[in-house]
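Residues per chain are reported as follows:
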Amino acid sequence: MHVVEFVSPEVFGLNMVVLAFTMLYVGGIGTLGGPILGAIIVSLLPELFRSLKDYQDLFYGAGLILLLIYAPKGLAGIRGLVPRGGKA
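Residues numbered from 1 in each chain as written. Predicted model: local features only at pLDDT ≥ 70, side-chain atom pairs only at ≥ 80, totals over all residues. Heavy atoms only, no water.

A. Broad picture of the overall build of the chain. Secondary structure summary: the chain contains 3 helices and 0 strands in total. When its helices and strands are written in sequence order, the chain yields α-α-α. For the chain, buried positions account for 19% of its 88 residues. Taking contacts inside the chain between residues at least 6 apart in sequence as the whole, the part at least 24 apart equals 49%. As displayed, the chain offers around 7,200 Å² of accessible surface, 68% of which is attributable to carbon and sulfur atoms. (Helix = DSSP H or I, 4+ residues; strand = E, 2+ residues; numbered from the N terminus. Buried < 20%, exposed > 50% of the residue type's maximum accessible area, 1.4 Å probe, protein only. Contact = heavy atoms within 4.5 Å. Areas by Shrake-Rupley, 256 points an atom, 1.4 Å probe, with all protein chains shown as cover.)

Dropping the structure here:
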């Protein structure tokens, strides 16, 4: 079993920062469920596009651009997809 017993800046490189922000924006900022949904989707996308090895990054980028155009508040901005809480 491999265990990291300390936190260093090398763990949080540019790739990790981009991945975290992608999860936030895909799910939608401003809700608790949005980033969780974004994390699930962003984690599953590479598996879905695995068969498109040469075009994986192209489809991934095109999907993000389309999401930003048609759902600028992320998936949580689509009414009813992610509950916001508050008044019943």
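Next, the rest of the story.
B. Summary view of the packing of helix α1 (residues 14-27) against helix α3 (residues 56-70). Remark: α1 packs on α3, axes separated minimally by 10 Å, with the N-to-C direction vectors making an angle of 45°. One way to sum up the angle between α1 and α3 is to call them oblique. The handedness of the crossing between α1 and α3 is left-handed. Contacts from Thr22, Tyr25 and Val26 in α1 reach Tyr60, Leu64 and Leu67 in α3. Taken together, the residues that form the contact of α1 with α3 break down as 5 nonpolar, 1 polar and no charged. (Axes fitted to C-alpha atoms, helices over the stretch in contact; angles between N-to-C directions. Parallel < 35°, antiparallel > 145°, perpendicular 65-115°, else oblique. Left-handed = near helix turned anticlockwise from the far one by under 90°. Nonpolar A, V, L, I, M, F, W, Y, C, P; charged D, E, K, R; others polar.)

C. Structural view of a nonpolar patch on the surface. There is a patch of nonpolar side chains on the surface, built from Val17, Phe21, Leu24, Tyr25, Ile29 and Leu68 and spanning about 560 Å² of accessible area. Counting residues per element, the nonpolar patch draws most heavily on α1, which supplies 4 residues. Tracing the chain through its elements places Tyr25 in helix α1. (Patch = residues over 30% accessible without salt bridge, like charges linked within 9 Å, V, L, I, M, F, W, Y side chains within 5 Å. Salt bridge = Lys/Arg side-chain N within 4 Å of Asp/Glu carboxyl O.)

D. Seen up close, the packing of α1 against helix α2 (residues 33-48). Two numbers describe how α1 lies on α2: the axes approach to 7 Å, and their chain directions differ by 120°. By the angle between their directions, the pair α1 and α2 is classed as oblique. Read as a crossing pair, α1 and α2 show a hand that is right-handed. Here Leu19, Thr22, Met23, Leu24, Val26 and Gly27 of α1 lie close against α2, whose contacting residues are Gly34, Pro35, Gly38, Ala39, Ile41, Val42 and Ser43.

E. Representation of α2 in the model. If you check α2, its first and last C-alpha atoms are 22 Å apart, about what 16 residues at 1.5 Å a residue would give, namely 22 Å. Those residues of α2 that sit buried are Gly34, Gly38, Val42 and Leu45. Buried residues of α2 fall within an arc of 70° about the axis and therefore sit on the same side. (Expected span 1.5 Å × (residues − 1). Arc of directions from axis to C-beta.)

F. Geometry of the side chain of Thr22. Looking at the secondary structure, you find Thr22 in helix α1. Thr22 sits in the buried class, given a relative accessible area of 13%. The contact partners of Thr22, leaving out residues within four places of it in the chain, are Val42, Tyr60 and Leu64.

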